Amino acid sequence: MFDLYCYPVKGRFSITNKFGAKGNYACGFHTGVDLVSNNKNIYSVSEGVVSRINNCGSAYGIHVVIEHVDGTSALYAHLANMFVSVGQRVSCGSRIGIMGNTGKSSGVHLHFEIHNGKWSYPKVKSVNEAKTLLDPIVWLEDRVSKTRRIVINVDGKEVVCESILHNGLNYIKLRDIEKLFPCSVSYANNKIAINKNK
């Protein structure tokens, strides 16, 4: 069993600047969230490919953008050092850098952004108008420790499925039931129908 999503730092962390906070930014608001932690290692929050390094603007200092398999992108900024290169595939939890104080920064921290699609700096002046920007903490809390991949042995064949972790138990996602045996699954009006294929 392995995680599909994780936090960019391990252990306790504090949020020092929230997503959307107004301030002296080019777009007028904070495009991500700032995190500080005693553990300075930075990890990829999901599986993906490194798409950009240090070319999103000097204010970000040393930074990395990773495009995830789910279509989102994450930016990790103000790093002291990085351990990845463009085109490199990373897994959830891969160590990608060290928290730092590079670029336009007032102290050691991680500036972390999530974009719905490829990374792009917002051209609007209100966070409510920035349709491709997502609140990173909300995005993580909706996914971390809830969605996992598990391997199920079906008649001697290993099948990889996604599951939801709830109260210590793993529940298979409906769409993956069809991987376990020949059937069709439908959901309508709060009712689930599973029909075995003939």
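Note that the coordinates shown come from a computational prediction; the quantities given were computed from them, not determined experimentally. (Residues numbered from 1 in each chain as written. Predicted model: local features only at pLDDT ≥ 70, side-chain atom pairs only at ≥ 80, totals over all residues. Heavy atoms only, no water.)

Draft legend 1. A look at the pattern of salt bridges. All chains considered together, the criterion is met by two salt bridges. Between glutamate 47 and arginine 89 there is a salt bridge, and its shortest N-O distance comes to 3.5 Å. Residue glutamate 47 is located in the loop between strand E4 (41-43) and strand E5 (48-53), and its partner arginine 89 is located in strand E8 (residues 89-90); the two are separated by 42 residues in the primary sequence. In this structure, lysine 118 and glutamate 67 form a salt bridge, with 3.2 Å as the shortest nitrogen-oxygen distance. Here glutamate 67 lies in strand E6 (residues 62-68) and lysine 118 lies in the loop between strand E10 (110-115) and strand E11 (133-134), a separation of 51 residues in the sequence. (Salt bridge = Lys/Arg side-chain N within 4 Å of Asp/Glu carboxyl O. Helix = DSSP H or I, 4+ residues; strand = E, 2+ residues; numbered from the N terminus.)

Draft legend 2. Geometry of the environment of isoleucine 194. With respect to the secondary-structure elements, isoleucine 194 resides in strand E16 (residues 191-196). A sequence separation of 11 residues divides isoleucine 194 from cysteine 183, and the C-alpha atoms of the two residues are 6.6 Å apart. Each residue touching isoleucine 194, except ones within four places of it in the same chain, is listed here: Ile177, Phe181, Cys183, Ser184 and Val185. (Contact = heavy atoms within 4.5 Å.)

Draft legend 3. Expanded view of the packing of aromatic side chains. In this structure the tally under the stated criterion is four aromatic pairs. A ring pair is formed by tyrosine 5 and tryptophan 139, whose centres lie 5.4 Å apart and whose planes are at 90 degrees; its orientation type is edge-to-face. One end of the pair, tyrosine 5, is in the loop between strand E1 (2-3) and strand E2 (14-17); the other, tryptophan 139, is in helix H1 (residues 136-141), and 134 residues separate them in sequence. An identical accessibility class is assigned to tyrosine 5 and tryptophan 139; each is buried. (Phe/Tyr/Trp six-rings, centres within 6.5 Å; stacked < 30°, edge-to-face > 60°. Buried < 20%, exposed > 50% of the residue type's maximum accessible area, 1.4 Å probe, protein only.)

Draft legend 4. Structural context of the pairing of E10. With respect to burial, E10 is a largely interior element, six of its six residues being buried. Residues Leu110, Phe112 and Ile114 line one face of E10 and the alternating positions His111, Glu113 and His115 line the opposite face, and both faces are buried. Inspection of the sheet shows strand E3 (residues 33-36) paired to E10 by three bridges, in the antiparallel sense. Counted as the bridge partner of aspartate 34 is histidine 111 from E10. Pairing of strand E7 (residues 73-82) with E10 involves five bridges; the strand directions are antiparallel. (Pairing = 2+ DSSP bridges.)

Draft legend 5. Up close: unusual backbone geometry. One non-glycine residue with positive phi stands out, namely asparagine 54, at about 55 degrees. Structurally, the position occupied by asparagine 54 is in the loop between E5 and E6. Of the residues examined, asparagine 54 reaches a relative accessible area of 41% and is grouped as partly exposed. Phi angles above zero are rare outside glycine, and histidine 78 is one such case at about 65 degrees. Mapped onto the elements of the fold, histidine 78 is located in strand E7.

Draft legend 6. Spatial organisation of the pairing of E6. For E6, the buried fraction is high: five of the seven residues fall into the buried class. Both E5 and E6 contribute to a ladder of five bridges, which runs antiparallel. Following the sheet pairing, valine 50 is matched in E6 by isoleucine 66. Here E6 pairs with E7 via five bridges, running antiparallel. Looking at the pairing, valine 64 lines up with tyrosine 76 of E7. Two successive antiparallel strands, E6 and E7, enclose a turn made up of four residues, where glycine 71 displays a positive phi of approximately 95 degrees.

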